[in-house]
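Examination of the molecular architecture
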Amino acid sequence: MKLLVRVIEARNLTIVDANGLGAAYVKLQLGKCRAKTKVSKKNPNPSWDEEFSFGVGDLSEELSVRVLDEDKCFTEDFLGCVKVPLSKVMDAENMSLGTTWYQLQPKGRKSKGNGCGEILLAIFLYQNNYEEASSGRRSFSDDKESMSEKSVELTHEIHSLPSSGDSELASVSGLNEMDFTKEDKSMAESFIHRLFQFFGGEKIAPLSSTIDVDPPEKLQEVSADEQTVDVSSAMLYDELLKTLESKVQGAEIPENLQGGILVDHSYVIAPADLNSFLFSPSSNFWQSLAEIQGTTGLQAEPWRLESSGKRLTRVVKYTKAATKLVKAVTATEEQTYLKADGKNYAVLASVRTPDVPFGNSFRVQLLFCITPGPELSSKEQSSRLIISWCINFLQSTMMKGMIENGARQGLRESYVQFTDLLSQSIKLVDLKVTASDKKHILASLQTKQESDWKLALQFFGNFSVASSGFAILFILIHILLANPGAIHGLELLGLDLPDSIGEIIVCGVLVLQSEYVLYTVSRFLQARKQRGSDHGKKARGDGWLLTVALIEGSNLVALDSAGFSDPYVVFTCNGKMRTSSIKFHRLDPQWNEIFEFDAMDDPPSTMDVDVYDFDGPFDKATSLGHAEVNFVKSNITELADVWLPLHGKFAQKCQSKLHLMIFLNNTRGNEIVKGYVMKMEKEIGNKITLKPPQINSAFQKLFGLPADEFLINDFTCHLNRKMPMQGRLFLSPRIIGFHANLFGRKTKFFFLWEDIDDIQVIPPSLATMCSPSLLIVLQRGRGMDAKHGAKAVDSDGRLRFQFQSFVSLYAANRTIMALWKAKALSTEQKLQLVEESGMRSLQSEDSGSFLGLEEAKMSDVFSSSITVEMELLMGLFDGSSLEQSVMKKIGCVDYSVSPWESIKGDIYQRQVHYKMDKSLSRYGGEVTSTQQKSPVAHKKGWLIEEVMVFQGVLLGDYFNIHLRYHIEDLSPKLRGCNVQVSLGVAWLKSTKHQKRIMKNIMSNSSGRLQEMFNQVESELK
């Protein structure tokens, strides 16, 4: 049902212009639909004579008609308004109010005088059938025969996503510009269906998205024609696609765009069917997605061939729904087929958004690639859909970074909804189905072992070797036929020197050829030795098992003069390597080899793939390309059958690729998770509580992580960039991620533990709001997906992330350091880190002092003569029962020590660990100290130096305590020894409470030392 309104004329308007003429026009509104007339200038009794049609969705609404006076310099003047309820029109005879003069009302309801003038309107409701509409048309013509018909184009709002169907903009008779939203259409449809039941008539078809107010018989004809156009356009699309396939045969699938991948999934559907589902004019997928995302206005031009049939393209227009920060944005998208061969499809979409700030300075591009997916046991066809994006700047702008971040965030959120909707219509490839086929797939691979004769033929079957052999045979025959010559010049018996320049050249050639033959022989022997590779070696142990099947290579780089290479592949994962066999003189080698990595306790994050050219046993191998498999960012289903593009100087030019099948399985189930948590609890020193499944699921969905990734802990903090941004830092076995939602603007990123190069604690400053911060520095070239969260890039090209305002920096730092050391550092790096940390407590060879003690200002805190012999007193430092008893009495719980170890000569070192009870610290806590002892001059005493590190103590991460015990034996006549203890505090971070803390430490330490030595005297008496 529609409401038809004719705005005819007005009279006695109150014009406020100086000349009393004005420029009046009329605005109409019904619900969310709006329209307006043209401007009638210099006429106090203006005439418009224009028709408008509105879709009816709710009979409780009312038609608002406002008359305004246009003013180009100031705000337009209000002349009067009138409101007509739809219920009044519905109750009228023939649902028509006829042509009537309506009194215009002022803005205020208090004054209802007649000074605003009147407006002549004709209003009626009609259904999409011939009799009612035609009678309404006749009533208009009877009321006003002088009305002229005019044609005005009607435009719609643009919907947010491209439509795959052909919706055309209608040009209708006597209509003006108005908006018709999706919501109004759906409400109108539901209202008509209810009205159909009331009248008991035949079923009425839903309203078309095209607003048309021609005579009803024409409306019905247009609707029928539109249905014919939909069918014919789909047929035309298939024909155009076939024409394009014949024109672009042999074209390669383009590489993913550099902005990143938005979607990478496999579906149980043939590639051609998936292409039709997304881009056929008869598909409703984009329309459904537009309704979910709240976008408006669907208009897609039909597909057309350009450039002599080599380019299939169409233009799609839509309006992105308004958000809290950004108004509705109109976009124009040009879609172009780059590849179509029945199995592989590539569509490039270039999006223009001129209405956004700096919109004319950039273009957003999206690349849809549809390729055959992995083989399924059900023999069904599958397709892999990869959608990548990038942003191209047409001119430089200072807002480049902000534009990139905004585009990245908007696209990722939009294509999450895209994936959800697509998976409701088309079944995703089941991971379990692919994993169950692992044995069957791997069993089908057969490696053909080359014979020694065939391998020798590959090495020696060339012109250089043949010519060298011919030259050697020729010389041997010459020796047999020639007679020994007389001795000339400097020749000796048995030493025949060249007699001419020609003989010297021949000798040089023979030497070079002999050298080449020897080199080829050595290569052959090395190749024969390495031919077996690591293929067939079975994995050992239980845990995370990684299996890689190397199928083949394509378009590898040719490095030798014959136009070939001798490629082999090296796989590296968690520090373990597997090497393939060498394929000689091949650019498209076939391997069919299977490599299994021994079981790993930790889930792998990445696997490095390097392809080398074999140049001999003593020459450095030349890289033919490299790639990285990221198990965190990749769907393991897709890795079951993947063509991996190689990167590198040569590989990208040749578009080199490797065909791999990768399987990652956990053979221990939940037990491996429990083992990992127990190991981390020992490293961190605190108990780890596993999160419930719903929290883990939300964490995985937030960052797009695989299902086996689980959350260990999260901390509230600020991300320090230009302005601090509050959010949460998430830690898991393989990643560290950050998420913030500020006024609807979401910021999230993550990077791998392996990407981290260094972690530092930064002292508090004004820039960090007087709180210590954590600085994480990534390795060069790593973590580029998280670049938008980095504070800066240092001179070495490394990203630097700074986090501050932790509730407990100590707990966060300890957890982060433990996870980083466990995941990112190799065994050698861990040993090196231990050695470096140990060196901080070792004696400096240059100064002879305990490292770090000179940094702390030492003060005497205890000095006394003890009536105990020095040898007995030293029992306090040898781990004996005396030491255990004394330390327990002064408040050291769970006291443990390591044996003294000789570091250098007479210098010894040990480690001490204990917990403090409430008598030592009201907050408890733990102490880890490193002690070092060395004899003083003349061997009459000992010097013991100690560095104490606190954990779990209030402000304990701000300082270390340094102690120096100087124990000397008294003269032989006196029984006892002299003890002097000095104390110093080394500040790790600055704080305004330094004096107060220092005073507290000195007083407590003095009392503790006094009590300790009193206990020694009482124990030994």
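Residues numbered from 1 in each chain as written. Predicted model: local features only at pLDDT ≥ 70, side-chain atom pairs only at ≥ 80, totals over all residues. Heavy atoms only, no water.

The next thing to look at is the nonpolar core. The biggest cluster of nonpolar side chains holds 46 residues, and the ones touching the most others in it are Leu278, Tyr337, Phe368, Leu385, Tyr415 and Phe418. Ignoring sequence-local partners within four residues, the contact set of Tyr337 consists of Tyr237, Leu241, Leu244, Asn275, Phe279, Trp303, Leu312, Tyr345, Ala346 and Val347. Counting 41 residues, the second largest nonpolar core, distinct from the first, contains Val861, Leu882, Met948 and Tyr965. (Core = buried A, V, L, I, M, F, W, Y, C linked by side-chain atoms within 4.5 Å. Buried < 20%, exposed > 50% of the residue type's maximum accessible area, 1.4 Å probe, protein only. Contact = heavy atoms within 4.5 Å.)

Residues Leu473, Ile477, Leu480 and Leu481 make up a contiguous nonpolar surface patch of about 460 Å² in total accessible area. Relative to the elements of secondary structure, Leu473 occurs in helix H11 (residues 463–481). Given a relative accessible area of 48%, Leu473 falls into the partly exposed group. (Patch = residues over 30% accessible without salt bridge, like charges linked within 9 Å, V, L, I, M, F, W, Y side chains within 5 Å. Areas by Shrake-Rupley, 256 points an atom, 1.4 Å probe, with all protein chains shown as cover. Salt bridge = Lys/Arg side-chain N within 4 Å of Asp/Glu carboxyl O. Helix = DSSP H or I, 4+ residues; strand = E, 2+ residues; numbered from the N terminus.)

Within a sheet, neighbouring strands are paired by backbone hydrogen bonds and run either parallel or antiparallel to one another. Judged by pairing direction, the sheet is antiparallel, and its 4 strands sit side by side in the order E23-E20-E27-E26 without closing on themselves. At either margin of the open sheet sits one strand with a lone partner, and together these are strand E23 (590–600) and strand E26 (642–645). Geometrically, the sheet is characterised by an average inter-axis angle of 30° between neighbouring strands, direction not taken into account. Here strand E20 (residues 544–554) runs beside strand E27 (residues 657–666); their pairing, made up of 10 bridges, is antiparallel. When the sheet's bridge partners are listed, Val548 is paired in E27 with Ile662. (Pairing = 2+ DSSP bridges. Axes fitted to C-alpha atoms, helices over the stretch in contact; angles between N-to-C directions.)

In this section: the side chain of Thr371. Looking at the element boundaries, Thr371 is found in strand E18 (residues 362–372). Ignoring anything within four residues of it in the chain, the contact list for Thr371 reads Ile253, Pro271, Lys343, Asn344, Ser382, Ser383 and Arg384.

The subject of this paragraph is the packing of aromatic side chains. Applying the stated criterion to the full structure yields 29 aromatic pairs. Geometrically, the ring pair formed by Phe285 and Trp286 is edge-to-face, given 5.3 Å between the ring centres and 75° between the ring planes. Relative accessible area serves as the criterion here: at 1%, Trp286 is assigned to the buried category. Judged by centre distance (5.9 Å) and plane angle (35°), the rings of Tyr568 and Tyr612 are tilted. (Phe/Tyr/Trp six-rings, centres within 6.5 Å; stacked < 30°, edge-to-face > 60°.)

As a further point, take the confidence of the model for the chain. Of the residues in the chain, 76% reach a pLDDT of 70 or more, and the chain-wide mean stands at 76. Every residue in residues 128–232 scores below 50 in pLDDT, and together they form 221 contacts with partners more than four places removed in sequence or on other chains. pLDDT under 50 marks residues 830–854. Its contacts with residues more than four places away, or in other chains, come to 37 contacts. (pLDDT = per-residue confidence, 0-100.)

Across all of its chains, the model carries 24 salt bridges by this definition. The residue Lys38 makes a salt bridge to Glu50 at a minimum N-O spacing of 3.3 Å. Here the residue Lys38 occupies a position in the loop between strand E3 (33–36) and strand E4 (40–41), and Glu50 occupies one in strand E5 (residues 47–55), the gap between them amounting to 12 residues. Assessed through its relative accessible area of 36%, Lys38 is described here as partly exposed. Note that Arg734 is salt-bridged to Glu709, the shortest N-O span being 2.7 Å. Of this pair, Arg734 sits in the loop between strand E29 (725–731) and strand E30 (735–742) while Glu709 is found in the loop between helix H16 (693–703) and strand E28 (713–719), placing the two residues 25 residues apart along the sequence. Exposure class is identical for Arg734 and Glu709. Each is buried. Connected via shared salt-bridge partners are Glu301, Arg304, Glu306, Arg311 and Glu334.

A few words now on the side chain of Arg408. Summarising the element assignment, Arg408 is placed in helix H7 (residues 400–425). Setting aside its immediate chain neighbours within four residues, Arg408 contacts Trp389 and His788.

It is worth spelling out helix H20 (residues 881–889) at this point. Listed in full, the buried residues belonging to H20 are Leu882, Glu883, Val886 and Met887. Buried residues of H20, seen end-on, are gathered within an arc of 115° and therefore sit on one face of the element. In H20, the exposed residues that point more than 90 degrees away from the buried face are Ser881 and Lys888. Buried positions along H20 lie against helix H19 (870–873), strand E37 (892–897), strand E39 (907–916) and helix H21 (994–1020). A positive backbone phi angle near 110° is found at Gly891, which sits one or two residues after H20. (Arc of directions from axis to C-beta.)

Below, the discussion takes up the environment of Asp794. Note on placement: Asp794 falls in the loop between strand E34 (792–793) and strand E35 (799–804). Between the alpha carbons of Asp794 and Val777 there is a distance of 9.1 Å; along the sequence they are 17 residues apart. Of note is the side chain of Asp794, whose polar atom sits 3.1 Å from the backbone nitrogen of Asp796. Within polar-contact distance, the side chain of Asp794 engages the backbone nitrogen of Arg798 at 2.7 Å. (Polar contact = N/O pair within 3.5 Å; in protein donor to acceptor, adjacent residues only side chain to side chain.)

The sheet built from 4 strands is open, its strands ordered E5-E1-E9-E8 with antiparallel pairing. Lying at the two open borders of the sheet, with one neighbouring strand each, are E5 and strand E8 (96–103). For this sheet the average axis-to-axis angle between neighbouring strands, irrespective of direction, equals 20°. As defined by bridge partners, strand E1 (residues 2–11) adjoins E5 across 7 bridges and the pair is classed as antiparallel. Its bridge partner lying in E5, Arg6 is registered against Glu51.

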